[in-house]
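Observations on chain architecture
One letter stands for each residue in the lines below.
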Amino acid sequence: MARYGMVLDYKNCINCKACETACKEENGILLGADNHRIWVGTKEIEGEFPFLNIASNNFLPSQCQQCANAPCQEVCPTNATYYDENSVVRVDPDKCILCSYCMTACPYDARYVDDRTKTVDKCNFCADTRIARGETTTACQNTCPTKVRIFGDLDDPNSEISEVLRTRDHFTLKSHLGTDPRLFYLT
Amino acid sequence: MTLKSIIPMKDISLKELFSFKKSFSNVTMAILTVVLLALFLAGSVMYFIDGHHAYNISREHPWGLIIAMYVFFVVSSTGLCIMSSIGHVFGIKEFEIIGKRAIIGAIITITTGFIVIALEIGHPVTMIIYNILTPNFSSAIWWMGTLYGAYLGFIIFEFIFLVRENHKWSKFFGLGGLLVGLAAHSNLGAVFGFLIARPIANGVFFPIYFILSAMITGSYLLFLMYGFRYKMDFPEEVKVMLTKLAKILGLLLAILMFFEIWRMLTAIYGGMPGRAEVAWHILGSSNFLIGEVLLGMVIPFIVILASKGTNIKGMVWASILGMIGIFFMRYDLVHDTQVMPLQLLKIREYQLPPTFIEYFPSFAEIGVSIGGIGVCFVMYYLADKFFELDHNKKDM
Ligand code: SF4
Ligand code: SF4
């Protein structure tokens, strides 16, 4: 059993959105702007032309932060949201009652309603596609041309992700909320 | 065993069931009820055809008007239960007369609340199954649902014993209903209060505020129910009770205003991101200023203050405004909790950077939720026909 996490070297992101596309393709996410498990946020350039602050314009790929202390799991009345054996936060569509509590509770806007099952869906590190087939990569990581993403087992000291986290400075999003995300951004 | 041997009911024919005195107020109520009921049916049909697509809820604003209206109904129920317990649980003589009317009101409003929420939750049947099979004790919604289920059981028994004039058992179930109701209702406040992602809602305020505003709602509803029952021509003991009620209500409103002032001051002070902005946004919205403050608190408060609680007719009218104010309190509670976007970056080309989230209910949402009031009216009409809801004169 692994404890999966992901490191994002976000400064390498070129906003090509290959990851968004790969995720939709791999996990069969429905079309439509609101139906997305992952996204790339754009920070707009600060300043008035011609005094533009080029350094302020960056891209922040994001998705479910795979919180180790997940508010969405805490609030789910039926335990439809659960931690699987690889510590991935997942949703069981059979148990989800679509009360939407998790959607208001997730601090990262990571959840949306899947119109096929009429239940809540979100990134689960390709748990029921690639991981279920025995692969150890996610679609977004596999496709990223600038190698922004490193996916792996945080419990394995020899994994690339553990190595990177040991040697490079990193931060997590909204860490003051105590959600303990397993997505790490390199500085 | 027949139903009648369990709970005494009046014998009425089908014709009597549909006949009522054609006074102006009765006819107005009848028309209003039919219109609301039609609205409810239209909304429900739209929901059954299009599911959640009939509603204007979205990824960023997943809770809409129906959740607000559910809160509105269950607040009404808890409020009626608390106010009625002043009489038959705590034994304050003047309030003993409201028992039956208040408790049937509590049963009706919570049932309507359940009906309305069943049209919002995606899978209500799954909910019943997995609430039992795989309960999550850290979920405020789980506790809220479970406790409200128990609460409904308690107050139904309370009502049965009240109609049977069995004061020992009605007191027992009344106390049980009161305690479980308080727990359930503060848990509903906690559904919002526990949201660490939403600084404007997070904290101790909502669980307490829910109980306080429930008592205020219960008082408004009692004024309305009695005003309608006696067509503003009150017998002496009702007058005495309503005057006392007005005084209690005045105190409750004063406490609520005090709470609100400090809530806003603490939300704004220090300018904490995601909280202060939302607080300013709330303070500038007409929903809050006109709906919550003016209609919900200030006007009824002035009516009470100006007459030292004796202007009962005025209070009945003010209670209509008060209930509109209470509606805005519920609506704003749900909407304002979600108004601050959690995604602050642009994620699509040609998108403007996210600002406060816009939401306006769709026709189907308005139908289901506002129309739900019609469901309430019908149930109350039937209850009034089948049961003897007036107090027993010989008890006085
Ligand atoms: S990011 Fe949101 S959806 Fe993902 S685990 Fe955390 S709270 Fe849950
Ligand atoms: S919408 Fe589904 S997954 Fe989310 S809290 Fe409700 S039951 Fe759980």
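Note that the coordinates shown come from a computational prediction; the quantities given were computed from them, not determined experimentally.

With that out of the way, let us pick up the overall build of chain B. Regarding its fold elements, chain B presents 14 helices and zero strands. Walking chain B from its N terminus toward its C terminus, one meets helices and strands in the order α-α-α-α-α-α-α-α-α-α-α-α-α-α. Here the C-alpha atoms of chain B give a radius of gyration of 21 Å, agreeing with the 21 Å that 2.2 N^0.38 yields for 396 residues. Among the 396 residues that make up chain B, the fraction classed as buried is 55%. Each charge class in chain B was averaged separately, 28 positive and 24 negative side chains, and the resulting centres sit 7 Å apart.

What follows deals with the overall build of chain A. When you go through chain A residue by residue, the secondary structure sums to five helices and ten strands. Compactness check: chain A gives a C-alpha radius of gyration of 17 Å against a globular reference of 16 Å for 187 residues, within 12% of the reference. Each principal axis of the C-alpha distribution contributes one length, and for chain A these read about 55 × 40 × 35 Å. Across the 187 residues of chain A, 58% fall into the buried class. Contacts spanning at least 24 positions in sequence make up 58% of the contacts within chain A whose residues lie at least 6 apart. Carbon and sulfur atoms form 51% of the exposed surface of chain A, whose accessible area is close to 8100 Å². One finds the centroid of the 20 positive side-chain charges in chain A at a distance of 1 Å from the centroid of its 26 negative side-chain charges.

Neighbouring residues of ligand 2: 13 residues in total, closest Cys76, Thr81, Cys96, Cys99 and Cys102 of chain A. Residue composition of the shell around ligand 2, by class: nine nonpolar, three polar and one charged.

Around ligand 1, 13 residues are found, and the nearest of them are Cys64, Gln65, Cys67, Cys72 and Cys106 of chain A. Across the shell around ligand 1, the residue classes break down as nine nonpolar, two polar and two charged.

Okay, the layout of surface pockets next. In this structure, the second largest pocket occupies an estimated 740 Å³ of space. Lining the second largest pocket are 29 residues, with Pro107, Lys174 and His176 of chain A together with Leu342 and Leu344 of chain B sitting closest to its centre. Residue assignment for the lining of the second largest pocket shows that the elements contributing at least two residues are β3 (59-63) of chain A together with α11 (276-283) and α13 (312-338) of chain B. By residue class, the composition of the lining of the second largest pocket is 18 nonpolar, six polar and five charged.

This paragraph deals with the pairing of β3 of chain A. Residue and element names in this part refer to chain A. Counted residue by residue, β3 has five buried out of five residues, so it is predominantly covered. Every second residue of β3 is oriented toward a common face, with Phe59, Pro61 and Gln63 on one face and Leu60 and Ser62 on the other, all of them buried. In this sheet, β3 lies alongside strand β2 (residues 38-42) in antiparallel orientation, the contact comprising five bridges. Bridging across to β3, threonine 42 finds its partner in phenylalanine 59.

The subject of this paragraph is the packing of helix α4 (residues 65-88) of chain B against helix α8 (residues 167-193) of chain B. Describing two packed helices takes the angle between their axes plus the distance from one axis to the other. All names here are of chain B. Relative orientation of the contacting elements α4 and α8 amounts to 145°, with a least axis distance of 9 Å. Our pair here, α4 against α8, has a crossing hand that is left-handed. Two secondary-structure elements touch here, α4 through Tyr70, Val71, Val74, Val75, Thr78, Cys81, Ile82, Ser85 and His88 and α8 through Ser170, Lys171, Gly174, Gly177, Leu178, Gly181, Leu182, His185 and Leu188. Of the residues assigned to the contact of α4 with α8, the class counts are nine nonpolar, eight polar and one charged.

Let us now look at helix α12 (residues 286-307) of chain B. One turn of an α-helix holds 3.6 residues; hence residues three or four places apart share an orientation. All names here are of chain B. If you look at α12, its biggest bend is around 50°, right at leucine 294. For α12, every residue scored as buried is listed here: Phe288, Gly291, Glu292, Leu295, Gly296, Met297, Pro300, Val303, Ile304 and Ser307. Contacts from the buried residues of α12 go to α9 (205-229), α10 (236-268), α11 and α13.

What follows is about the pattern of salt bridges. Overall, the coordinates contain 21 salt bridges over all chains when judged by the stated rule. Between arginine 3 of chain A and aspartate 155 of chain A there is a salt bridge, with the nearest N and O atoms lying 2.9 Å from each other. Here arginine 3 of chain A, found in the segment before β1 (4-8), pairs with aspartate 155 of chain A, found in the loop between β8 (149-153) and α5 (160-167); they are 152 residues apart in sequence, far enough to count as distant. The exposure class assigned to arginine 3 of chain A is partly exposed, which follows from its relative accessible area of 30%. A residue is classified by how much of its surface remains accessible, and aspartate 155 of chain A, at 47% relative accessible area, is partly exposed. Between arginine 263 of chain B and glutamate 260 of chain B there is a salt bridge, and its shortest N-O distance comes to 3.4 Å. Linking arginine 263 of chain B with glutamate 260 of chain B, this pair stays in helix α10, spanning three residues, or about one helical turn.

Attention now moves to the sheet that holds strand β10 (residues 183-186) of chain A. Residues and elements named next belong to chain A. Read across the open sheet, the four strands follow the order β8-β1-β10-β9; overall the sheet is mixed. Of all strands in the sheet, those bounded by a partner on one side alone are β8 and β9 (170-171). In this structure, β1 lies alongside β8, joined through five bridges in antiparallel fashion. Opposite valine 7, over in β8, you have isoleucine 150 as the bridge partner. Against the sheet, α5 touches β1, β8, β9 and β10, its axis set at about 110° to β8.

The rules behind the values
- Each residue is numbered by its place in its chain's sequence as written, counting from 1.
- Just so you know, chain letters begin at A and ligand numbers begin at 1, following the order they were written in.
- Residue-level local features of this predicted model are given only where pLDDT is at least 70; pairs of side-chain atoms are given and counted only at 80 or more, and the full residue set underlies all totals for whole chains, interfaces and linings.
- The side-chain values count all of the structure's non-hydrogen atoms but skip hydrogen atoms and water molecules.
- A run of DSSP states H or I qualifies as a helix once it reaches four residues; a run of E qualifies as a strand once it reaches two. Both are numbered from the N-terminal end.
- In this description the radius of gyration comes from C-alpha coordinates, and the expected globular size is given by 2.2 Å times residues to the power 0.38.
- Accessibility here uses a 1.4 Å probe with only protein chains present; expressed as a share of the type maximum, an area under 20% marks a residue as buried, one over 50% as exposed, and anything in between as partly exposed.
- Lys and Arg are tallied as positive, Asp and Glu as negative. Neither His nor the chain termini are counted.
- The atom standing in for a charge is NZ when the residue is Lys, CZ when it is Arg, CG when it is Asp and CD when it is Glu.
- Pairs of residues are marked as contacts when any of their non-hydrogen atoms sit within 4.5 Å.
- Using a 1.4 Å probe, the Shrake-Rupley method yields the accessible areas, and only the shown protein chains count as cover for residues.
- Throughout this document, a residue counts as near a molecule or strand when at least one of its heavy atoms sits within 4 Å of that molecule or strand.
- Note on residue classes: Ala, Val, Leu, Ile, Met, Phe, Trp, Tyr, Cys and Pro are nonpolar, Asp, Glu, Lys and Arg are charged, and everything else, Gly too, is polar.
- Using protein atoms alone on a 1 Å grid, points that fit a 1.4 Å probe yet trap it form a cavity, whereas open point sets bounded by protein on both sides within 12 Å along at least five of seven lines form a pocket; residues with an atom within 4 Å of a point count as lining.
- Grid points are joined across faces, edges and corners, and a volume is the space filled by probe spheres set on the points.
- Note on pairing: DSSP must find at least two bridges between two strands before they are called paired.
- Simply put, an axis is a line fit to the C-alpha atoms, just over the touching stretch for a helix, and the angle between two N-to-C directions goes from 0 to 180 degrees.
- Each crossing is labelled by how the near helix is turned from the far one, with a counterclockwise turn of less than a right angle marking it left-handed and a clockwise turn marking it right-handed.
- Two axes are fitted around each residue, one to the seven residues ending there and one to the seven starting there, and the angle between them is reported as the bend at that residue.
- Whenever a carboxyl oxygen of Asp or Glu lies within 4 Å of a side-chain nitrogen of Lys or Arg, that contact is scored as a salt bridge.

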